[in-house]
Every structure is written in C-alpha cells, then in structure tokens.
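Structural features, examined
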Amino acid sequence: MKKILAATVSVAALMLPTHGVMADASVTQEHMKKLGGALMHVSENARKTTGAMTKDVGMMNHSIKLAEVTNDGYVLVDAVASGEAKELIAMLESVGAKQISSYGKTVSAQVPANKLTDMALSDTMAFAKPALMTTNAGLVRQRGDRSIRTQFNRRQRGLDGEGFTVGILSDSYACDPGRTSNRDRYTTPAQDVENNDLPSGTIIRDDLDDRAICTDEGRAMAQIIYDAVPGVNFIFHTAFNGQSDFANGIVELARQGADVIVDDVLYFAEPMFQDGIIAQAVDQVASIGVPYYSAAGNMGRASYETEYHPVNTGIGTLADFDPGTGVDLVQGLIVDGVDVGGGIEQTTFSFQWDSPNLSAGGLGAQNDVDIMVFNADASEVIPNCPSAGPGGSGPEICVVRQTDGGNGGDAIEVLSILDTTGGATVQLAFLTETGDAPEFVKYVVVAGNIAASEYPLNASTSYGHSNAAGGESVAASAFFFNRSFIGNSRVQQVRANAGEQECVPACLNDFSSLVARQFYLMSTVTVCHPPRCV
C-alpha cells in the first residue's frame, strides 16, 4: 500500500457539526442532517444574527457565503418531499416561506433562516440543500456575427428575426446592477433599446431583483443574439430562484410562445448519472418541437471519474485509486481555489455516485458515499469550518459540506475546501459510509481549480441539463479560433499564442467544458474533445 492513513479516525469525524440547535432535545442529529452542512451553519447563525449575515461561515477574520440569503433573512433552498410535494408546500407556507415553486418532488423556496430547524423537524421533507448556481459567462468581445456567418443570411437571403421569439434563462435581465468594475462598459436596459442593441417590448416573466448577486447576464445574451438576428423578440425568465423554478421557467417560456430557448446556468447539485428535474423540463419542451440550447460550461477537464474498487479498512469501505496492482486509498491534490477575499481561496467539488436520486423522481440513494479530506500526509482529517459571522476565526484549511447526500436522498455531495495557505496539498478519500459500495464515482471541480493531481483529471465536466437528450450543449470558441478569421493578420498572433494554427470549422477554448453523455446505466458516449470538436 503506497499510502497508509496514519490517523485514527471514525465515521463520526465526518458527521455534521451539531451546533447550538442541538440544545433542543426534540432536534436530533438525524433531523439536522436533512439540512446538510451549509444550511446547518445558516440555521445556527440565525440564532445569533439576522438578515444576510446568516449566510456566512467564519474563517481567519473573514466570512464566506454558504447560501443565497436576502437582506431580510430568507435563504434560497431546494427541498425534496418525502411524500407528496403539496404536503411539503403546505409546511413551507406554514413557516413563512415565499417564492415557492415545485416540479415533481422538488420544491424551491425562500425560507426564513430562523425556521430551518422547523423544516428539519417536519416529516414532509426528506432533505433540503442550498440552491447553489452559476452562470457560464466571461469577458466577451462580440465577433459572433461574423464567426457563425449570420451576416450572409441577412445580406444574401434577406433573413432576420422578424416574427421569431427567443426564450432566455439566466440570472437577470433588467435588475440593472451598474458597473461591476471600472473597466466595464455599462448600459441600462433603456439605453440598450435606444441604441438598437435590444428590441422594445421584451417580455419578462420573472426577474431577479437582488443587486447583490444579479449581473443582467440574460440581457447580455439577448444583445449577442440581436446582433445576429435583428428583429427577434425575447421572453425572459430568471433561472436563479432554485431548480424547481428553473424547470418551471423552461416550460413557461415554451407555453408563452418561445420558438427556441437558451440558458447559461448550472446548478452544482444537478445529477450527473440521471436526468434531474431541469433536464426533464428540457426534454419536455423538446418533445413539442422547441429547440433547447445550454452552455456546456467553462470547467475544462477539471473532473475525475473512476470505477469504485472497494477496500475494507478499519474506518469502513474506501475506494482504491491505484489503477494497477497496488493499493492507494487517497488521491493527492494541490488546490488552486478562487480568491473569495480575506486571503481565502475556495475550491468546490460536486461529487456523485451511481445511485438513483430522490429529487429526480427515483427511489433515492440506498447508500451514502462521502469525500473525506485529509491533510498533506493523510495523517489528520481536515476539520469542518466553524459557524461564525464577520470577524470569525478558524483553522488554516477547513471543509464546508454544502450538500450531504445518500440514505434515501440524492447521490450527490457538494463540498468546498477553504484554504488560507495558498495552494494547499490535500488528500481525498471516498468512503462508503452506509449501504453497498457504488460501482462508479465522479467529481467535477465547479469553482476554483486543481494545480496538480496525483491521478489525472481529464474527464467530462459538462453535466446536468446541458446533457439532456432533448437539448444541445454550446461550447466556447473564441472568434480567432474560427475559420471566418483565417488569414486575418490581426488575429494570427493571438491564435499562435494560444497554440492553434488554422481551425476549420472551429476550435474550442481550453477552458470549455468537455461534453459527454452519461447515463445511469454507465454507458458513455463522448461527443467533443477540446481543443477540436468533431
């Protein structure tokens, strides 16, 4: 065995922190585990503070956001019903939730942070998780019209977007957040119409109005589309109010007359091995003839997947990472997290295994598999981050388990490593805590990156509804990676610096997510390989 876990650990080391809420004898560990680590932190914070500050976990005199919490103290959650969704909805209404939306067994809502414990005590709820999502966006210099040759449709064929409607789902459209940096060129929605960058009369079915998180990425998408097909109409629905609301928004746009629907959003807890509710909604609208396009993502190949080779140990069943005849129970990584301020870097993983997901309408995972995070020599378990608001203190490296799966729920765990050392070395282990060991496991690094890995990270990173059978994934290809710019002297050096010569018809950017169809029964068909798509 190449590495030996020298630490004396127990499964109890992975249990979620109990916090002060456990002082109530009616609230058990099993109740609170239904909330997962992040919502447990928020619940504990709500006992000590109010408003948006309840979303934070403290570390080294800084705080990290655990969930989307409004200024008046409502936390955005995706809750899954243990029985009928209507019973869960009634319970959420009774605790004062708002913005309630359901799709199948999943109910998205904004819930008072100080009522999370009440949710956990209810038999109507199987589990809940914070609604964590991102847009797949970046710095854009518009050359799309020439790259995809839509100017020929207008000039030679006389075609435009007149009489055609595009449905858009993103974070916001008319939240009007202002400049995000001094370098940004910013316009208001009204100025976009005045400048003929957008049509008048865009229908907004539902928008996000929280300026703390909105970016009007939906409006930016509309600007790009309008350049290529002037005259087109738009219908917008936010995708940032939970997975259920996102799924319902897809269906609503189709019902409201969208001829095609596009989005650029990923929820971290969307299933990898089974169609979740958003993917089901994509297939639903595709079945009535509405084409659906979703961003593949910008996570490159920051993913690891493997068959699970079980090894019985003193702490339970662990996976063997060694592809040969040896045994290696941990995977060494150097994390390269995203800077979240205060000298803290955050690296977030979506870890999943091949069991059914309750939220998707299945039986639910009959086993529980956890990622254990050890220090550099695998001698100690890295601790959970403490609950605290601004000014909190904590260890140099700690772990937040935003979503804790298994045991009849979803086969999904989302966790973050918070690092103040800058490029920490950690060791990951996959522990089967209950039930049978899985056959296959996978994780995608959804925030931050990995600077080095003992075992290669080169698997597909596009997952969730962008892999739906009825939809299409759209990858990133810079204009200078496109045949329309072959021979253009102004971009030749840029293309050469990127290591590409001529691209016909186009090359993918190296940060664009690798796309693969992954099914619950483990058959995989690879569609694209960066940097070339065939």
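Residues numbered from 1 in each chain as written. Predicted model: local features only at pLDDT ≥ 70, side-chain atom pairs only at ≥ 80, totals over all residues. Heavy atoms only, no water.

**Description of the sheet that holds strand β11 (residues 260-263)**
The strands making up a sheet are joined through hydrogen bonds of the backbone, oriented either antiparallel or parallel. Within the open sheet, the six strands sit side by side as β9-β10-β8-β11-β13-β26. Their pairing is parallel. Looking at the sheet topology across the chains shown, the edges are occupied by β9 (203-206) and β26 (472-474). If you compare each strand with its neighbour and ignore which way they point, the axes differ by 20 degrees on average. Helix-sheet contacts for helix α8 (residues 217-228) involve β8 (165-170), β10 (233-238) and β11, and the interaxial angle to β8 is about 150 degrees. (Pairing = 2+ DSSP bridges. Helix = DSSP H or I, 4+ residues; strand = E, 2+ residues; numbered from the N terminus. Axes fitted to C-alpha atoms, helices over the stretch in contact; angles between N-to-C directions. Contact = heavy atoms within 4.5 Å.)

**Structural notes on the packing of aromatic side chains**
Here the structure, examined in full by the defined rule, presents twelve aromatic pairs. Taken together, a centroid distance of 6.1 Å and an interplanar angle of 10 degrees make the contact between phenylalanine 321 and tyrosine 455 stacked. With phenylalanine 321 in the loop between β16 (316-319) and β17 (331-336) and tyrosine 455 in the loop between β25 (449-453) and β26, the pair connects residues that are 134 residues apart, well separated along the chain. With respect to class, phenylalanine 321 is no different from tyrosine 455; both count as buried. Each ring, one from phenylalanine 430 and one from tyrosine 443, has its centre 6.4 Å from the other, and the planes form 80 degrees; the classification is edge-to-face. Placement of the pair is phenylalanine 430 in strand β23 (residues 425-434) and tyrosine 443 in strand β24 (residues 440-447), with a sequence separation of 13 residues. Grouped by ring-pair contacts, the aromatic residues Tyr304, Phe321, Phe349, Phe351, Trp353, Phe430, Tyr443 and Tyr455 constitute a single cluster. (Phe/Tyr/Trp six-rings, centres within 6.5 Å; stacked < 30°, edge-to-face > 60°. Buried < 20%, exposed > 50% of the residue type's maximum accessible area, 1.4 Å probe, protein only.)

**Quick notes on the sheet that holds strand β5 (residues 106-112)**
One open sheet holds the four strands; their spatial order is β4-β5-β3-β6, and the pairing between them is antiparallel. A strand with exactly one partner marks an edge of an open sheet, and here the two such strands are β4 (98-103) and β6 (125-130). Across the sheet, the mean angle separating the axes of adjacent strands is 25 degrees when strand polarity is ignored. In this structure, strand β3 (residues 74-81) lies alongside β5, joined through seven bridges in antiparallel fashion. Bridge assignment links aspartate 78 to a residue of β5, and that residue is serine 108. Set on the sheet, helix α9 (residues 243-255) makes contact with β3, β4, β5 and β6; between it and β4 the angle comes to about 70 degrees.

**Describing helix α3 (residues 85-94)**
Residues Ala85, Leu88, Ile89, Met91 and Leu92 constitute the buried set of α3. Projected down its long axis, α3 carries its buried residues within an arc of 160 degrees, all on one side. Among the exposed residues of α3, those oriented more than 90 degrees off its buried face are Lys86, Glu93 and Ser94. Summarising the contacts, the buried residues of α3 are in contact with β3, β4, β5, α4 (116-121) and β6. (Arc of directions from axis to C-beta.)

**A look at the state of the cysteines**
A full pass over the atoms with the stated rule returns two disulfides. Here cysteine 385 engages in a disulfide with cysteine 398; their sulfurs sit 2.0 Å apart. Measuring the twist about the S-S bond at about 95 degrees, one finds the cysteine 385-cysteine 398 disulfide to be right-handed. In this pair, cysteine 385 sits in the loop between β20 (368-374) and β21 (397-403) while cysteine 398 sits in strand β21, placing the two residues 13 residues apart along the sequence. (Disulfide = S-S within 2.5 Å.)

**Some details on the confidence of the model for the chain**
For the chain, per-residue confidence averages 82 on the pLDDT scale, and 75% of positions sit at 70 or higher. Low pLDDT, under 50, characterises residues 7-23; the stretch is placed with 45 contacts to residues that sit more than four places away or in other chains. Note that pLDDT drops below 50 for residues 520-534; the model gives that stretch 36 contacts with residues more than four away or on any other chain. (pLDDT = per-residue confidence, 0-100.)

**Quick look at the side chain of aspartate 368**
If you trace the backbone, aspartate 368 turns up in strand β20. Non-local contacts of aspartate 368, meaning those with residues more than four positions away in its chain, are made with Lys33, Trp353, Gly405, Gly406, Asn407, Leu431, Thr432, Glu433 and Thr434.

**A short note on the pattern of salt bridges**
In the structure shown here, the tally under the stated rule is eleven salt bridges. The closest approach of N and O atoms between aspartate 368 and lysine 33, which form a salt bridge, is 3.7 Å. In this pair, aspartate 368 sits in strand β20 while lysine 33 sits in helix α1 (residues 29-33), placing the two residues 335 residues apart along the sequence. Given the relative accessible area of 15%, lysine 33 is considered buried. The salt bridge involving glutamate 44 is made with arginine 47; its shortest N-O contact spans 3.3 Å. According to the relative accessible area criterion, glutamate 44 is buried, its value standing at 9%. With relative accessibility at 52%, the residue arginine 47 sits in the exposed group. One salt-bridge network, held together by shared partners, links Lys33, Asp368 and Asp404. (Salt bridge = Lys/Arg side-chain N within 4 Å of Asp/Glu carboxyl O.)

**Focus: the nonpolar core**
Leu35, Leu92, Val111, Leu116 and Met119 are the most contacted members of the largest nonpolar core, which totals 36 residues. Only α2 (36-45), β3, α3, β5, α4, β6 and β21 provide two or more residues apiece to this core. Ranked by the residues each element gives to this core, the list is headed by α3, at five residues. (Core = buried A, V, L, I, M, F, W, Y, C linked by side-chain atoms within 4.5 Å.)

**Some details on the packing of α9 against helix α10 (residues 277-286)**
At their nearest, the axes of α9 and α10 sit 8 Å apart, and the two run at 5 degrees to each other. The orientation of α9 relative to α10 falls into the category roughly parallel. On α10, the residues that touch Gln243, Ser244, Phe246, Ala247, Ile250, Val251 and Ala254 of α9 are Ile277, Ile278, Ala281, Val282, Gln284 and Val285. For the contact of α9 with α10, a count of residues per class yields ten nonpolar, three polar and no charged. (Parallel < 35°, antiparallel > 145°, perpendicular 65-115°, else oblique. Nonpolar A, V, L, I, M, F, W, Y, C, P; charged D, E, K, R; others polar.)

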